[in-house]
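Per-entry structural report
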Amino acid sequence: MLRHSVAAAALIGTALFSGVAFAQSGKVTVVTSFSKDVTDPFKQAFEKAHPGVTLDVQNRNTNAGVKFVEETKANNQVDVFWASAPDAFEVLKGKGLLQKYAPKAEGIPDKIGSYPINDPENFYSGFAASGYGIMWNDRYAKANKLPEPKDWQDLAKPVYFDHVAMAAPSRSGTTHLTIETILQGEGWDKGWRTLKEVSGNFRQITERSFGVPEAVNSGQVGLGIVIDFFAFSSQASGFPVKFVYPTITTIVPANVGVIANAPNKAGAEAFVDYLVSPAGQEVLLEPSIRRLPVNPAVYAKAPADYPNPFKDPSLGARVKFDVDVSEKRTNAVDVLYDQTVTFQLEALKAATKAIHDAEAAVAKKDNADAKALIKEARDLVAAMPVTEQEASSPEIAGAFTGGKEKGARQAELEQKWAAFAKERYQQAQAKAEQALKLAR
Amino acid sequence: MADATIAGRTRAPSAPSGYFKRLSASPGQIALAFGIALFLLLFLVVPVGTVIYVAFTEKGTGEFTLVNFLDFARTDLFIRSFWNSVYVSAMSVVVASVLALPLAYITTRFEFRGAMLIQTLGFLPLIMPPFVGAVAMLLLFGRNGTVNLLLDDWLGLKIPFMEGLNGVIFVQAVHYFPFILINLSAALRNIDRAMEEAAQNLGSSGFRLFRRIVFPLAMPGYIAGASLVFVKVFDDLATPLLLNVKDMLAPQAYLRVTSIGIADPMGYVISVVLICMSILAMWVSARAMRGKDYATVQRGGGGLAKRRMRPWESAIAYGVVLLILFLVLAPHIGLLLLSFATVWSFSPLPDAFTLAHYGRVFGESFVYVKNTMIYASIAGLIDVVLGTAIAYLVLRTKLIGREWLDWAATAALAIPGVVLGIGYLRTFYGVQLPDGTPLAALWIMIVLALAIRRLPYALRACYAALQQISVSLEEAAENLGATKLRTIRRIVLPLMGGGILAGFVTSFATAAVELSATLMLVQSNADAPLAYGLYVFMQSAAGRGPGAALGVIAVLLVALCTFASHVIIEKSQKAKAAGR
């Protein structure tokens, strides 16, 4: 009953005041996950370029931002959604919370690296890009005598055991893209094998993207898999950290989109236009922001050592990336990673450590049986509960969307996958320990 | 045991008091109960209900089902998380008690210089600003924090303070022990001195006196604090997540509720389990107190007799107090260092010091400080008013279902802030004000959310305070012709004073640094509190220093208010003692 009266009040309210609510004002409201270091320079530059317009920046993490826009759609007060994670924009688009707008900018190519810059239907546009790489704390590396890593595969080496951190792909849209790139580049089975070998060395799997650079900066972990600008802005703040792009890296765009029913639609479009205009693109070059412009011409104004994905083929261009494949299995990949790695990290690490020890022993004293056992152990670790086809099947995808159709519930799948992984990690550990005994 | 020692004096009126008015409820009390019920319904039950009803719906059809709870019981991860949460909460209570008991006892029982300062400092850990507090703690106690780097240098070993479940217990105990300290201290101050004197006359002294008389009499305060610690630790998600412990219930709920694009009921199922467990814990603690009467008649004597310590006692006492304070204030020392540090990375101390961070936040912190003060004090006021009223209704009337007010308010502890925030948006955003702005966009909604979230703290403090007051005092006043209202105003409230203030301070201080619901509800920078400003800074490497500076400002602000209220307590008690 109470809900009804509230709803009724809402209806009356909307009927009475809808005219006023959508009136134009000089305020553009932006919901963003970007930090002050990024938003402040843009706010200044945009307000200078558009006198009389104020940019009202509301900082929320991406999840909170999406939920906020979703919950307030009945009486929307937000003009622009501005964030990194493309998956957040996909969700907004899927729920009809964005409106189409193709920015009036020239000279912006279709793709950066192998990733399309703009949404093909123009619901959101890329305004900057960033590459994934490895960041490490120099003092930490020296104290623990860690060699400098060069490539993803390096992170699977025993020397880095318990020294690496990454954000969970289910929590960080950009990490998700990196995982997806590895899966597409190496193939489903080999890709997961690599991922699990690297993950076996993890110290932490954080639930915030920024948790990784934070941990590396303060020296709590040695190495982190991060987006480049985290490393660059940390360096700019004086932290003793270094960064490297692996030979194969993903380039992921950061996006902006106009919210459906934006109270200040014209202002919102002006802001999107500004972001992709040459003036807006140059703001990206500031040391505290340091993201890669999507307009190739702007790189002419960048410092000499600035990475340029339009010239440097190792930055994303070598990677294949199929957006359709990725979209179909987004949730499945996230949940698979969480259930087989994030929540089973202890068992995975125990198995990994046992394998490392056994291999070290075999390297000293060769033993064919031990080698066979180690191979079995590695295969057990790499095994996945579902095949590539199954992962993108409608049955599994349907379990995560809470859709209308009946089918497997997410909790059922999760329990099945987790049990599968845990059992195999324990077997792998046992086999590796057996191998160690043989090789002694 | 407690009965035996206390009942002789305080239970006396129990037989003839059967006909006294506490059995019935006046129309005024019924109206009050309805008012509170309506408030809780509107600002807690309905908003939360709109979010967590999903836990009871079937996938696909949306029909009512309990299958999701079956899934919960069948999933290893959830069961493991459940037991981990129970273990961590119970152990945190134990460790927090070890920290709190000496501080509370020494400062209330002895003539101790700086007792007020210690009470204030001992309270600070509760005010751990989000994010920065965690960073500071890691920089000191983490695997490569100050302590471990030095230990590694000198002795070649590291102590895993912050690893796994034990790490969570350590941090939670340090963070939440003030709940026990503040409630226990308030209770100790309220103890009838005559009880102690009687025991002494009968030959009891020292530890025996404490164990058999003083501590049992202070039991309501201790239970109030301990149950809060248990429930708070059980429902807290920030600390486990900061330590990357994910297999506990509250973090599991949070991770699921905040995943983008996945419509999974399990997050809400876990929320329901959290709420049930919190209510269960409160019920058990109320049960444990049942059949025991902790009220004493004689009041206002300034509590326990304060003894002067012999020099060697004094030395030990100072040693213990300083050691505990150093341990529990370490995060704040770290925070202070961080706010002055240029770069602090993999080293025992920062590389160099600077004032620049304070310069950067100086200009903008004013609006944050102002908002925080306004929000937190209104929320605190709402909380003590509701807390006192609910405690009175539960303890002094026989209204049917009165415990439900208590339990509903307590359930707020278990509701993740983000769930409450979403619920508020869902319930109130559709309601528009005459100028077209949504109701949920008003800052008053942030205040209400804060008040609801911190109500359990104030409630427990008020509840414990009222439990220590003998009904016979009210009965005496009413027999002398005072009306119920007048009795409450002139007798009950003044006697509850210390507890009410304790409740206000706890609610106020913790509301001042709350973030999760705030982050959902803040609509513009001009309305934002300190915690939000801090959040905005703590998303980038360059923002760590300024974030820490804002954190220090928040802590100082709350500490000043806390200190002021301790001064007020002391003064009022001295005044009472003098007037006796």
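Refer to the structure printed above.
Since the structure is predicted, the reported quantities are computational estimates derived from the model, not experimental observations. By convention here, each chain's residues receive numbers from 1 onward along its written sequence. In the order they appear in the text, chains get letters beginning with A and ligands get numbers beginning with 1. Per-residue local features of the predicted model are confined to residues with pLDDT of at least 70, and side-chain atom pairs are confined, for both listing and counting, to 80 or more; whole-chain, interface and lining totals are unaffected and use all residues. Excluding hydrogens and water, the side-chain figures rest on all heavy atoms present in the structure.

1. Examining the state of the cysteines
Residue and element names in this part refer to chain B. The line we're drawing: Cysteine sulfur atoms that come within 2.5 Å of each other are treated as a disulfide pair. Burial classification: accessible surface area is computed with a 1.4 Å probe over protein chains only, and a residue below 20% of its type maximum counts as buried, one above 50% as exposed, and the rest as partly exposed.
The tally for this structure, following the rule as stated, stands at zero disulfides over all chains. No disulfide involves Cys561; its sulfur sits 18 Å from that of Cys462, the nearest cysteine. Using a relative accessible area of 25% as the deciding quantity, one classes Cys561 as partly exposed.

2. Here's the deal with a nonpolar patch on the surface
The line we're drawing: Patch building starts from residues that exceed 30% relative accessible area and form no salt bridge, then joins like charges within 9 Å and nonpolar side chains (Val, Leu, Ile, Met, Phe, Trp, Tyr) within 5 Å. To be clear on the numbers: accessible area is Shrake-Rupley with a 1.4 Å probe, and residue cover counts the displayed protein chains and nothing else. The working definition used for a salt bridge is a side-chain nitrogen of Lys or Arg within 4 Å of a carboxyl oxygen of Asp or Glu. Only runs of H or I of at least four residues qualify as helices and only runs of E of at least two qualify as strands under DSSP, and these elements are numbered from the N terminus.
A contiguous nonpolar surface patch, about 340 Å² in accessible area, is contributed by B:Tyr87, B:Met91, B:Val94 and B:Val98. With respect to the secondary-structure elements, B:Met91 resides in helix α4 (residues 76–109).

3. Observations concerning the pairing of strand β10 (residues 223–227) of chain A
Residue and element names in this part refer to chain A. Operational definition: Two strands make a pair as long as DSSP finds a minimum of two bridges between them.
Across the five residues of β10, five count as buried, placing the element largely inside the fold. In this sheet, β10 lies alongside strand β7 (residues 125–137) in antiparallel orientation, the contact comprising five bridges. From the neighbouring strand, Gly133 faces β10, where its bridge partner is Val226. Note that strand β8 (residues 164–167) and β10 share two bridges and pair parallel. Looking at β10, one finds that Ala165 is bridged to Gly224.

4. Remarks on the side chain of A:Ser326
Residue and element names in this part refer to chain A. Counted only if it meets this: Contacts: residue pairs with any heavy atoms within 4.5 Å of one another.
As for its position among the elements, Ser326 is in helix α12 (residues 323–340). What makes Ser326 buried here is its relative accessible area of 7%. If we skip the residues at most four places from it in the chain, Ser326 touches His176, Glu180, Gln184 and Phe321.

5. Here we look at the interface of chain B and chain A
Selection criterion: In this classification, the charged set is Asp, Glu, Lys and Arg, the nonpolar set is Ala, Val, Leu, Ile, Met, Phe, Trp, Tyr, Cys and Pro, and all remaining amino acids, among them Gly, are polar.
Between chain B and chain A, the contact holds 81 residues from the first and 83 residues from the second. Where chain B meets chain A, there are eight salt bridges. A:Arg409 serves as the salt-bridge partner of B:Asp71, at 2.6 Å between the closest nitrogen and oxygen. Looking at the side of chain B that touches chain A residue by residue, the classes come out as 38 nonpolar, 26 polar and 17 charged.

6. Let's talk about the packing of aromatic side chains
The relative placement of two aromatic rings is captured by the distance of their centres and the angle of their planes. Applied cut-off: Pairing of aromatic rings covers Phe, Tyr and Trp, the last counted by its six-membered ring, and requires centre-to-centre distances within 6.5 Å; plane angles under 30 degrees mean stacked, over 60 mean edge-to-face, and any other angle means tilted. For a ring to carry a charge above it, either NZ of a lysine or CZ of an arginine must fall within 6 Å of the ring centroid while also lying within 35 degrees of the normal to the ring plane.
Within this structure, the stated rule accounts for 40 aromatic pairs over all chains. The structure contains a cluster of three or more aromatic residues connected by ring pairs, namely A:Phe34, A:Phe42, A:Phe46, A:Trp82, A:Phe127, A:Phe271 and A:Tyr274. Just above the ring of A:Phe229 sits the side chain of A:Arg291; from NZ or CZ to the centre is 3.3 Å. In this arrangement the basic side chain of B:Arg460 is found over the ring face of B:Tyr463, its NZ or CZ atom lying 4.9 Å from the centre.

7. Here we look at the pairing of strand β12 (residues 251–259) of chain A
When a strand is regular, its side chains alternate between the sheet's two faces. All names here are of chain A. Across the nine residues of β12, nine count as buried, placing the element largely inside the fold. With four bridges joining them, strand β3 (residues 80–83) and β12 adopt antiparallel strand pairing. The residue of β12 that forms the bridge with Phe81 is Gly257. In this sheet, β12 lies alongside strand β4 (residues 98–99) in antiparallel orientation, the contact comprising two bridges. Paired with Gln99 across the two strands is Val258, which belongs to β12. Sheet topology note: the β7/β12 ladder contains six bridges and is antiparallel. Bridged to Gly131 within β12 is Ile251.

8. A closer look at the side chain of A:Glu414
Applied cut-off: Polar contacts, as used here, are pairs of N or O atoms within 3.5 Å; protein pairs need one atom able to donate a hydrogen and one able to accept it. Residues neighboring in sequence count only if both atoms are side-chain atoms.
On the secondary structure map, A:Glu414 appears in helix α17 (residues 410–439). In this structure the side chain of A:Glu414 is engaged in a polar contact, spanning 2.9 Å, whose partner is the side chain of A:Gln410. With residues up to four places along the chain from it excluded, the contact list for A:Glu414 reads A:Val335, A:Gln339 and B:Arg256.

These figures come from the coordinates and say nothing about function on their own.
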